[in-house]
Amino acid sequence: MLALLGPAFLLLSCSTKTKVDLLIYNASIYTVDSSFSVAEAMAVSDGKIVETGKTSDLQNKYEAKDKIDAQGKFIYPGFIDAHAHFVSYGQSLFTVDLYDSKSIDELVQRVKDFDSAHPNEAWILGRGWDQNKFPGKSYPTNEALNKLFPNKPVLLGRVDGHAAIANDKALALAGVRAGDKLTGGEIETKNGKLTGILIDNAVDLVSSKVPQQTPAKLKDALMEAQKNCFAVGLTTIDDCGLDHATISFIDSLQKTGDLKMRLYAMLSDAKENFEFAFTKGKIKTDHLDVRAFKVYADGALGSRGACLLHPYSDQPGWSGFLLSSQQHYDSVARIIYEHGWQMCTHAIGDSGNRTMLTVYGKYLKGKNDLRWRIEHAQVINENDFKLFGEYNIIPSVQPTHATSDMYWAGDRLGPERVKGAYAFKQLLEQNGWMPLGTDFPVEDISPFKTFYAAVVRKDAKGWPANGFQMENALTREEALRGMTIWAAKANFEENEKGSLETGKFADFVILDNDLMKEVSEKLLQVSVLKTFVGGERVYDTK
Ligand SMILES: [Zn+2]
């Protein structure tokens, strides 16, 4: 009996090891839990985290189908971009890339090159120009585009998406005429002639005439966007403003398994989207969350469409404008409040922000957990910061906007007012937590650039030497939380993602260097070795 018991007992003790899908060990795992603890190993099963702990403990406890020796590398929760435009980023990859054009001639040359490479496109679309990078910093006109393309419509978006240049053919197709006026937009006219420059709502007059993309092309755009985003460690993206048909298409691609990116999709402020939302109700799958509306208060600072309390310092008499009427914001807030959805409003100027803080306050009344968000919260009057705390309004900010705009923000705002701009630390203090994003394709998709801009507040060349308005820099831990657990919280998803804890999705990245310890000059070189979504390897440098 005894002789038989020995081996049987051994067999039994081996089989008591719990089977898991994946065990990662010899790592520095920043769990981003409440005590910011660091673990060495992590066990994963069925797409979720089973346990984190010491390498020896987890090796003794678990038997894994797949094992990864991390060789001392650094693991972080998958990055969440709390404000981006995933769909339009994907689409932009298939249009003329105008980012960092140094002159109007260069812009035109890039359009010409694109047209030769894609002669069958009915429209030439592009994005990314910024007149602040042209000599003289003035807006381009459409003259050269009219000469080159008399019969083909051309529409080229500014980097911020809040202005565009259209050629005469495109303007004619949209029925835009010199002297036309509209609410929340500007059609630039000089000497009685259209220049082609369209600001804010005026852009929609032309963009609404662009033929709808085929599902096949849209799928290509999303797949390409996903590939690039996984390569920089993003595992959840907030897409800030989509129509319901696009969201349904995304849902179908996620259900077939093609699209593995998790998305928090905000519906755009349009009648048919409200009907869709309140008929269908909130949508929640492992990959998709729809429970929010995106509204626009004003435009952007770069195109002087941001609504300011006092005139622009570099354009006397001009204060920008709101994109809709006060009454519209009020009625939208009321209906969103009544249905228990989340309201997320783009507000850049101090007047745009004050308008929305006041409308929000009317419905939220005092402390609450509805997590209504102000997207960008870019220029805040010193008297208004406290309203974020009073009504628990969540500022959702983009650190790279600070380092992209710092060259000219002072010109637009003047030396006093600029102190209330990109005031991330002051905003963070209002609620004690704050999500971070990029607003890509306005900025680059890289979360490392967000981290660097939030903490170091310099450009890639190390300018300015002492950092831009450093009193508003975030600590590394705050920046990391903003890109992970606080971003999850802004989406009501803090119980399922944003940190590496038992029961949460196994969404994580393995980095070659340590974001928390790398010297600031080298932070932008930190890169992703592998990205996992739900325990599945979706990007690997090997
Ligand atoms: Zn945006």
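That block above? That's the structure.
Thresholds applied
- Position numbers for residues count from 1 along each chain, tracking the sequence in the order it is written.
- With pLDDT at 70 or above as the cut-off, local features in this predicted model cover only qualifying residues; side-chain atom pairs require 80 or more to be listed or tallied, and sums for whole chains, interfaces and linings still use all residues.
- Each side-chain value is derived from all of the structure's non-hydrogen atoms; neither hydrogens nor water enter the calculation.
- In this description a helix means any DSSP run of H or I spanning at least four residues, a strand means any run of E spanning at least two, and both kinds are numbered starting from the N terminus.
- Think of it in three bands: residues with accessible area under 20% of the maximum for their type are buried, residues over 50% are exposed, and the middle band is partly exposed, with areas taken using a 1.4 Å probe on protein chains only.
- Each accessible area is a Shrake-Rupley estimate made with a 1.4 Å probe; only the visible protein chains count as cover when residues are assessed.
- Only N, O and S atoms count as donors, using a 2.8 Å limit from the metal and a wider 3.2 Å limit for Na, K and Ca, and since water is excluded some coordination spheres may look unfilled.
- Any two strands with at least two DSSP-identified bridges between them are counted as paired.
- Throughout, nonpolar core names a set of buried Ala, Val, Leu, Ile, Met, Phe, Trp, Tyr and Cys residues whose side chains join them through atoms within 4.5 Å.
- Axes, fitted as lines to C-alpha atoms, cover a helix only where it is in contact. Angles between the N-to-C directions of the axes lie from 0 to 180 degrees.
- For classification, angles of less than 35 degrees are called roughly parallel, those exceeding 145 degrees roughly antiparallel, those between 65 and 115 degrees roughly perpendicular, and all remaining angles oblique.
- Left-handed is the label given to a crossing in which the near helix is rotated counterclockwise from the far helix by less than a right angle, and right-handed is the label when the rotation is clockwise.
- Contacts were defined at the residue level, with two residues in contact if any of their heavy atoms lie within 4.5 Å.
- Stacked, tilted and edge-to-face are the three classes applied to pairs of Phe, Tyr and Trp rings, where Trp contributes its six-membered ring and a pair requires centres within 6.5 Å; stacked means planes under 30 degrees apart, edge-to-face means over 60, and tilted covers the rest.
- Comment: the charge-over-ring label is applied if NZ (Lys) or CZ (Arg) is within 6 Å of the ring centre and within 35 degrees of the ring normal.
- We define a salt bridge as a side-chain nitrogen of Lys or Arg found within 4 Å of a carboxyl oxygen belonging to Asp or Glu.
- The span you would expect from a helix comes to 1.5 Å times its residue count less one.
- We define a polar contact as two N or O atoms separated by no more than 3.5 Å, with the added condition that, inside protein, one atom must be a possible hydrogen donor and the other a possible acceptor, whereas residues neighbouring each other in sequence contribute only through side-chain atom pairs.
- As used here, the arc is the angular range of directions from the helix axis to the C-beta atoms.

K.L.:
How would you explain the overall build of the chain if you had to name every residue and give the values?
P.N.:
Along its length, the chain carries 19 helices and 24 strands. Seen through its C-alpha atoms, the chain measures out along the principal axes to roughly 105 × 55 × 55 Å. Residue burial in the chain is summarised as follows: out of 542 residues, 57% are buried. For the chain, the exposed surface amounts to about 22,500 Å²; the carbon and sulfur share of it is 52%.

K.L.:
Can you lay out the coordination of the zinc ion for me, pointing to particular residues and giving the numbers?
P.N.:
Listed as protein donors to the zinc ion are H83 (NE2), H85 (NE2) and D439 (OD); their distances from the metal cover 2.1 to 2.2 Å. Ordering the donors of the zinc ion by residue number gives the pattern H-x1-H-x353-D. Of this pair, H85 sits in the loop between β8 (79-84) and α3 (86-92) while D439 sits in the loop between α16 (424-431) and α17 (447-455), and the two are 354 residues apart along the sequence. Residue class for H85 comes out buried when judged on its relative accessible area of 12%.

K.L.:
An account of the sheet that holds strand β24 (residues 536-540) is needed here, citing residue identities and associated values.
P.N.:
Paired through backbone hydrogen bonds, the strands of a sheet run either parallel or antiparallel to each other. The six strands are arranged β3-β2-β7-β22-β23-β24 in an open sheet whose pairing can be described as mixed. Looking at which strands have only one partner, the edges of the open sheet turn out to be β3 (38-39) and β24. Inspection of the sheet shows strand β7 (residues 74-77) paired to strand β22 (residues 508-511) by four bridges, in the antiparallel sense. Residue pairing across strands places Y76 opposite V509, the latter belonging to β22.

K.L.:
Got a sec to walk through the nonpolar core? Specific residues and values, please.
P.N.:
By size, the foremost hydrophobic cluster in this structure holds 126 residues, and its most contacted members are Y76 and F79. Broken down by element, the residue count for this core peaks at six residues, all from helix α12 (residues 350-364). Listed in part, the 16 residues of the second largest apolar core include A27, I29, A39 and I510.

K.L.:
Quick one: what's the story with the packing of helix α8 (residues 215-231) against helix α9 (residues 244-255), residue by residue and with numbers?
P.N.:
At a minimum axis separation of 11 Å, α8 and α9 run at an interaxial angle of 70 degrees. Judged by the angle between their axes, α8 and α9 are roughly perpendicular. As α8 runs across α9, the sense of the crossing is right-handed. The segment α8 lies against α9, with P215, L218, K219 and L222 engaging T246, F249, I250 and L253.

K.L.:
Break down the packing of aromatic side chains for me, with residues and values.
P.N.:
Using the criterion set out here, one finds 17 aromatic pairs in the structure. Look at Y30 and F36: their rings are 6.1 Å apart centre to centre, the planes differ by 50 degrees, and that puts the pair in the tilted class. Using a relative accessible area of 6% as the deciding quantity, one classes Y30 as buried. Ring geometry for F293 against W341: centres 5.5 Å apart, planes inclined by 45 degrees, an arrangement best described as tilted. With F293 in strand β18 (residues 288-296) and W341 in the loop between α11 (326-339) and β19 (342-347), this residue pair connects regions lying 48 residues apart in the sequence. Each member of the pair F293 and W341 is classed as buried. Here a set of aromatic residues connected by ring pairs shows up, and it is made of F274, F278, F293 and W341. Looking at R262, its charged tip hangs above the ring of F505, at a distance of 3.7 Å from the centre.

K.L.:
Before we move on, could you go through the pairing of strand β4 (residues 41-45) and cite the residues and values that matter?
P.N.:
For β4, the tally of buried residues reaches five of five residues, placing the bulk of the element in the interior. Here β4 shows no split at all, with A41, A43 and S45 on one side and M42 and V44 on the other all buried. Examined bridge by bridge, strand β1 (residues 18-25) and β4 share three bridges and lie antiparallel to one another. Bridge pairing in β4 links L22 to V44. The loop that links β4 with its antiparallel partner strand β5 (residues 48-53) comprises two residues; one of these, D46, has a positive phi angle of about 50 degrees.

K.L.:
Got a sec to walk through the pattern of salt bridges? Specific residues and values, please.
P.N.:
Applying the stated rule across the entire model yields 34 salt bridges. The partner of E536 in a salt bridge is K260, and the shortest N-O contact between them spans 3.4 Å. With a gap of 276 residues between them, E536 in strand β24 and K260 in the loop between α9 and β16 (262-268) connect regions that are remote in the sequence. Under the relative-accessibility criterion, E536 is labelled partly exposed at 39%. The partner of E416 in a salt bridge is K419, and the shortest N-O contact between them spans 3.0 Å. With relative accessibility at 58%, the residue E416 sits in the exposed group. Each of D66, K530, R537 and D540 takes part in one network of salt bridges that share partners.

K.L.:
So what about α9? Which residues, and what values?
P.N.:
Since the α-helix turns once every 3.6 residues, residues separated by three or four places project in the same direction. In a regular helix each residue adds 1.5 Å, so 12 residues correspond to 16 Å; α9 covers 16 Å between its end C-alpha atoms and thus fits that length. Of all the residues in α9, the buried ones are T246, I247, F249, I250, D251, L253 and Q254. Elements that come into contact with the buried residues of α9 comprise α3, α8, β15 (234-242), β16 and β18. Measuring from the side-chain oxygen of the N-cap residue of α9 to the backbone nitrogen of A245 gives 3.1 Å; that N-cap residue is D243. After α9 finishes, the residue G257 shows a positive phi value of roughly 90 degrees.

K.L.:
Can you explain α11? Please cite residues and give values.
P.N.:
Taking 1.5 Å per residue, 14 residues should reach 20 Å; α11 reaches 20 Å between its end C-alpha atoms and fits that length. Of the positions making up α11, those classed as buried are Y329, V332, A333 and I336. Projected down its long axis, α11 shows its buried positions confined to an angular sector of 100 degrees, all on one face. Relative to its buried face, α11 has exposed residues pointing more than 90 degrees away, namely Q327 and E338. On its buried side, α11 packs onto α10 (271-280), β18, β19 and α12. Positive phi shows up at G340, right after α11, with a value of about 70 degrees.

By themselves, these observations are geometric and do not establish any function.
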